[in-house]
Amino acid sequence: MSQLSEPTPPVQSATGDLQPAELRASNADRERVANALHEAAAEGRISLDELDVRLNQVYAAKTYAELQPLTRDLPALGTAHQWTPEASPPPVVPVLPPSSQGVAIMSSFKRAGQWTVPEKFECFAFWGGGVVDLREAVFTSSTVTIRAAAIMGGIEIIAPEFATVHVTGLGIMGGFDDSATAQGAPGAPVIIVTGFAFWGGVSVKRRATKAEVERRRLERKRLKAERRTHDDD
């Protein structure tokens, strides 16, 4: 009667160790790959949906062999260009003609999305309201001055949270909120808001961009997946 053949042993190197791809990946290895994927998404190399899919695969990976394909089509780790706060931002080429003013007289106006903001922008609201959202705006200058006048109306100005904001407006029987005044990141745009509010109000807020909100959401999801992986280990 023939004997059963013995199981084939795993492929080993000359030193008797498993091949590198077969070795177990550490938490630091998974974190390094996750950081590279976040950087690739920020640079537009992969979409946010693809980032989400790959991150799920990262934290489910057990070996190097499972991690390697996730960055195979991306630049080598650490070689992609990184923005440094000390460096001057590259000049921005306007993608649309700039909008220099917004007027609401018993009506409303809104500037939001990827609109081109000039060096000086004026807005006026009388028995109406307006919104000036700069989070996704294309800046033509490192310093933007917004002059807002609200008479029995309201104007809301939304600045990206990384920008430097100075509010110097005056409220007369109205409000001109200066709570958003703060120093931003080095090299970030400077936004100066001035003007007045009479029986009305001008509010200035700092908020994260949509991309940053999405990044934070994915970061929370990544941390949750990482904790789940730790629990499984």
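This one's a predicted model, so the numbers in the text were calculated from it and none came from an experiment.

1. Things to note about the pattern of salt bridges
Side chains bearing opposite charge may pair, as long as their charged atoms lie close to each other. Inspection of every chain in the model, using the stated rule, returns eight salt bridges. Across the pair Arg54 and Glu50 runs a salt bridge, and its minimum N-O distance is 2.6 Å. Of this pair, Arg54 and Glu50 both sit in helix α2 (residues 48-60), four residues apart, roughly one helical turn. Exposure remark for Arg54: the relative accessible area of 9% places this residue in the buried category. A residue is classified by how much of its surface remains accessible, and Glu50, at 32% relative accessible area, is partly exposed. When the shortest N-O distance is used, the salt bridge between Asp133 and Arg135 registers 2.7 Å. Asp133 sits in the buried class, given a relative accessible area of 9%. When salt bridges with common partners are traced through the structure, they connect Glu156, Lys205 and Arg207 into a single cluster.

2. A few points about the pairing of strand β1 (residues 101-105)
Every second residue of β1 is oriented toward a common face, the buried set being Gly102 and Ala104 and the non-buried set Gln101, Val103 and Ile105. Relative to strand β4 (residues 120-126), β1 runs parallel, the two being bridged by five bridges. What sits directly across from Val103, in β4, is Phe124.

3. A look at the sheet that holds strand β11 (residues 175-176)
Backbone-to-backbone hydrogen bonds join strands into a sheet, with any given pair of strands oriented parallel or antiparallel. As summarised here, the arrangement of the five strands in space is β2-β5-β8-β13-β11, forming an open sheet in which the pairing is parallel. Where the open sheet ends on each side, the last strands, each with one partner, are β2 (108-111) and β11. In terms of strand pairing, strand β8 (residues 154-160) meets strand β13 (residues 201-207) through seven bridges, oriented parallel. Paired with Ala159 across the two strands is Arg206, which belongs to β13.

4. What to know about helix α1 (residues 27-42)
With 16 residues, α1 should cover 22 Å at 1.5 Å per step; its first-to-last C-alpha distance of 23 Å lies within 8% of that length. Remark: Gly44 follows α1 within two positions and exhibits a positive phi of approximately 80°.

5. Things to note about the packing of aromatic side chains
Applying the stated criterion across every chain yields a total of three aromatic pairs. Where Trp115 meets Phe121, the ring centres are 5.5 Å apart and the plane angle is 65°; that geometry is what we call edge-to-face. For Phe121, a relative accessible area of 1% translates into the label buried. Judged by centre distance (5.7 Å) and plane angle (0°), the ring pair of Phe126 and Trp127 falls under stacked.

6. Considerations on the confidence of the model for the chain
Chain-level statistics for the chain give a pLDDT mean of 78 and a share of 80% at 70 or above. Predicted confidence is poor over residues 1-16, with pLDDT under 50, and the contacts of this stretch with residues over four places away or in other chains come to eight contacts. Below a pLDDT of 50 lies the segment residues 77-88, which in the model reaches 11 contacts outside its immediate sequence neighbourhood of four places, other chains included.

7. Regarding the side chain of Thr71
Relative to the helices and strands, Thr71 is located in the loop between α3 (64-67) and β1. The class for Thr71 is buried, based on a relative accessible area of 19%. When neighbours within four sequence positions are excluded, Thr71 is seen to be in contact with Val33, Ala36 and Leu37.

8. Digging into the nonpolar core
Val132, Leu134, Ile146, Ile157 and Val202 are the most contacted members of the largest nonpolar core, which has 28 residues in total. Listed by contribution, the elements that provide at least two residues to this core are β4, β7 (143-151), β8, β9 (164-167), β12 (190-198) and β13. When residues of this core are assigned to their parent elements, the largest contribution, four residues, is made by β7. Apart from residues lying up to four places away in sequence, Ile146 is in contact with Phe121, Cys123, Val132, Leu134, Ile157, Ile191, Ile192, Val193 and Thr194. Leu37, Leu55, Leu70 and Leu218 belong to the second largest nonpolar core, which has 17 residues in total.

9. Concerning the pairing of strand β5 (residues 129-133)
For β2 and β5, the ladder comprises four bridges, and the chain directions are parallel. When the bridges of β5 are listed, Lys110 appears paired with Val131. Bridge count for β5 against β8 is five bridges, and the pairing is parallel. Among the inter-strand pairings, Val132 is bridged to a residue of β8, identified as Ile157.

Rules used throughout
- Residues numbered from 1 in each chain as written.
- Predicted model: local features only at pLDDT ≥ 70, side-chain atom pairs only at ≥ 80, totals over all residues.
- Heavy atoms only, no water.
- Salt bridge = Lys/Arg side-chain N within 4 Å of Asp/Glu carboxyl O.
- Helix = DSSP H or I, 4+ residues; strand = E, 2+ residues; numbered from the N terminus.
- Buried < 20%, exposed > 50% of the residue type's maximum accessible area, 1.4 Å probe, protein only.
- Pairing = 2+ DSSP bridges.
- Expected span 1.5 Å × (residues − 1).
- Phe/Tyr/Trp six-rings, centres within 6.5 Å; stacked < 30°, edge-to-face > 60°.
- pLDDT = per-residue confidence, 0-100.
- Contact = heavy atoms within 4.5 Å.
- Core = buried A, V, L, I, M, F, W, Y, C linked by side-chain atoms within 4.5 Å.

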